[in-house]
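Descriptive analysis of the structure
Letter by letter, the chains look like this.
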Amino acid sequence: MLPLWGTKLSINADKTDLQYSFILKTSSTKKNKAMYKMSCLTEGEMRTWLTKLREAMKLNIDITAEIARNKKPSVFGELPEHPSWSHEGYRIDVSYITNNILVCSFPPTRSDVYELKRFMDDKHKGHYKIVNVSEKSYDSTMFGDNVSSYPTPPNGVSCLIDLWNFCEFTDTWLKEDDSNVVLVHCQTGNVPSGLFVASYLVHSRICWTSEQAIKHFRTKRESGIISLPCQKRYLKYIETSVIAGEQPEDIKLLFSNVSMSNSPAFNEDGSCRPYFVVFQNGEEIYEYESTESFKTEEPISFSLALQISGDIKLQFYSVSDILGTQEMFTVHFHTFYINSSHVRFSRDMIDGAHLNTFKQFTDSFSVTLEVK
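Report on the accompanying structure. As the structure is a prediction and not an experimental result, all values here were calculated from the model. (Residues numbered from 1 in each chain as written. Predicted model: local features only at pLDDT ≥ 70, side-chain atom pairs only at ≥ 80, totals over all residues. Heavy atoms only, no water.)

A short note on the packing of aromatic side chains
Evaluation of the coordinates by the stated rule reveals 20 aromatic pairs. Aromatic pair Phe329 and Phe361: ring centres 6.2 Å apart, planes at 70°, arrangement edge-to-face. Residue Phe329 is located in strand β14 (residues 324-334), and its partner Phe361 is located in the loop between β15 (342-346) and β16 (366-371); the two are separated by 32 residues in the primary sequence. Both residues of the pair, Phe329 and Phe361, belong to the buried class. (Phe/Tyr/Trp six-rings, centres within 6.5 Å; stacked < 30°, edge-to-face > 60°. Helix = DSSP H or I, 4+ residues; strand = E, 2+ residues; numbered from the N terminus. Buried < 20%, exposed > 50% of the residue type's maximum accessible area, 1.4 Å probe, protein only.)

Description of helix α3 (residues 110-124)
Think of an α-helix as 3.6 residues a turn; residues three or four steps apart then line up on the same face. Helix length check: α3 (15 residues) gives 20 Å between terminal C-alpha atoms against 21 Å at 1.5 Å per residue, within 8%. Residues of α3 that are buried: Val113, Glu115, Leu116, Phe119, Met120, Asp121 and His124. Against β4 (94-96), β5 (101-104), β6 (128-132) and β8 (181-185) lie the buried residues of α3. With its phi angle positive at about 80°, Gly126 sits one or two positions after the end of α3. (Expected span 1.5 Å × (residues − 1). Contact = heavy atoms within 4.5 Å.)

Regarding the pattern of salt bridges
In total, this model carries nine salt bridges according to the counting rule given. Two residues, Lys117 and Asp121, come together in a salt bridge whose shortest N-O distance is 2.8 Å. With Lys117 and Asp121 both in helix α3, this residue pair falls four residues apart, about one helical turn. Here Glu239 and Lys236 are joined by a salt bridge, their closest N and O atoms 3.2 Å apart. Note that Glu239 and Lys236 are positioned in helix α7 (residues 229-244) at a spacing of three residues, about one turn of the helix. Assessed through its relative accessible area of 9%, Glu239 is described here as buried. Residues participating in the shared-partner salt-bridge network are Glu211, Lys236 and Glu239. (Salt bridge = Lys/Arg side-chain N within 4 Å of Asp/Glu carboxyl O.)

Written as structure tokens, this is what we have:
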């Protein structure tokens, strides 16, 4: 938490590939010092952070000047100015993905909630539903029964049934009246909002493929990036079910083995000592910690005898006496779409390994599951 006594604040540009970046350096008369580095892909995210800091710390920050000073070239090229920060007098970060689907960021304060209500009542009174897909909540009583929630981690995926139910709910609501709209928001209005909206775009056949849906969302929402392998996989699941005309079900499987093609280099000597946890529909059902460290190009296998069904998450760590426990990678999948006894995930399909920023994985790294 930022110290609030005698605080001095400086904001400096940082060299990153993101569009906006700044470092907060705080110091106090009590000789406490702290540095907070924040990187933002969009002006909206940066504006939100600076506004919160200004209000919480009673600081006199010229937000517009700081944004201009810290602006960096984006790896995606120049992003368009968001049209709705000061759109028609509304202080709300909103984008129209279609005429009937809106996305905005989380309203962090009660005044922001009131502003959201003012906007929705002025523009779509009596014809809107709000869907909160963040893990946070707020007092939504002023919206009556028009708010529903599908809590989703910002760097993961929702339960597949939540995605499917959202698509069905949205489709039903929008077909009731041409004036009806649905507003979706998460913490920043990017992911997981993008995953839910893109799923609906595919489900409703506004977009025929998951790739088209991602591109469409990215075009309409300046920071709408769906980049994690698990998010792309679940969006592809929706596409597969729509094409097949079947609703996903929680199929039961026997999970008998998981193996890594070789050992990632996470510990101080370039080895790893695996520790992994299996989650089913958000609940931990199994964990295993190896007593042995591995530094090999050969496969590393772990035998199990585990009944699984529905949404499955494998979270792998490496344990070290010196470096502690480090996250290595995560694999998400749903049992309904497993149609082989051996399922291989290449490195680019594995969260945490796909970017390989610190070259801890070989290019040929993969994870294979054996199921029955």
